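Residue-level structural notes
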Amino acid sequence: DCISLQSITLSQNITAINGYTFSGWTGSNGTTPQTVVQIQKGTTGDKTYTANWQSSLVAQAIYSATDNSLTFIRDTLKTQGGTFVDQSGKTKTVTRVYTGFEDAPEYYAPWKSDGTIDIMSNTTSVYFKDKISPLNTRSWFSEFVNCSSFNVTNLDPSRADSMSWMFYGCSE
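Report follows, based on the coordinates. (Residues numbered from 1 in each chain as written. Predicted model: local features only at pLDDT ≥ 70, side-chain atom pairs only at ≥ 80, totals over all residues. Heavy atoms only, no water.)

1. Focus on the state of the cysteines
Tallied over the entire structure, the rule returns zero disulfides. Between C147, a cysteine without a disulfide, and C170, which holds the nearest cysteine sulfur, the sulfur-to-sulfur distance is 6.7 Å. The class for C147 is buried, based on a relative accessible area of 1%. (Disulfide = S-S within 2.5 Å. Buried < 20%, exposed > 50% of the residue type's maximum accessible area, 1.4 Å probe, protein only.)

Structure below.
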């Protein structure tokens, strides 16, 4: 059987589904995703196309002054002044959002260099709500002198090349 068409265009009007963003079609058009693929009139032979999606979930450390907590999540990017749901189902206000720490090859703890909030003195609890797999956790929580609760159950150290000084100077 043969279908005769003038031409056909593959496109995807859905830009995001369940934490994923459409990045384009690959297959008979090559390995580089293209958001629009045209199959011209007179084209013959089998054509195969695959829709490609990229995760739009971002590893984030969120400081909330609501209860002086630092919560690590993987979700769509949160904004300062917005809200998020913590591990116990409570809605909290986002005071600060820190990103870029999961794939940093060397020491990088942006919450420690915040010039407006003393995260190290103010934080009383740290919780990893979602699985976070950093390349390095050196000194991440050193000098968190008032932190009395660390729940690192969802901290996956399998990619980390250094975890030295991670809790140095923390309260007991």
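2. Considering the pattern of salt bridges
What the rule picks out here adds up to seven salt bridges. Measuring nitrogen to oxygen at the nearest pair gives 3.4 Å for the salt bridge that ties D75 to K78. Here the salt bridges share partners, and the residues they tie into one network are D67, D86 and K92. (Salt bridge = Lys/Arg side-chain N within 4 Å of Asp/Glu carboxyl O.)

3. A closer look at the sheet that holds strand β8 (residues 69-75)
Spatially, β11-β7-β8-β12-β13 is the arrangement adopted by the five strands of the open sheet, whose pairing is mixed. Each end of this open sheet is capped by a strand with a single partner; those strands are β11 (96-98) and β13 (149-151). Averaged over all pairs of adjacent strands, the angle between strand axes in this sheet comes to 20°, irrespective of strand direction. Strand direction decides the pairing type here: β8 and strand β12 (residues 125-128), joined by four bridges, are parallel. Bridge pairing in β12 places L70 opposite V126. (Pairing = 2+ DSSP bridges. Helix = DSSP H or I, 4+ residues; strand = E, 2+ residues; numbered from the N terminus. Axes fitted to C-alpha atoms, helices over the stretch in contact; angles between N-to-C directions.)

Interpretation note: all reported values are geometric properties and have no functional meaning in isolation.
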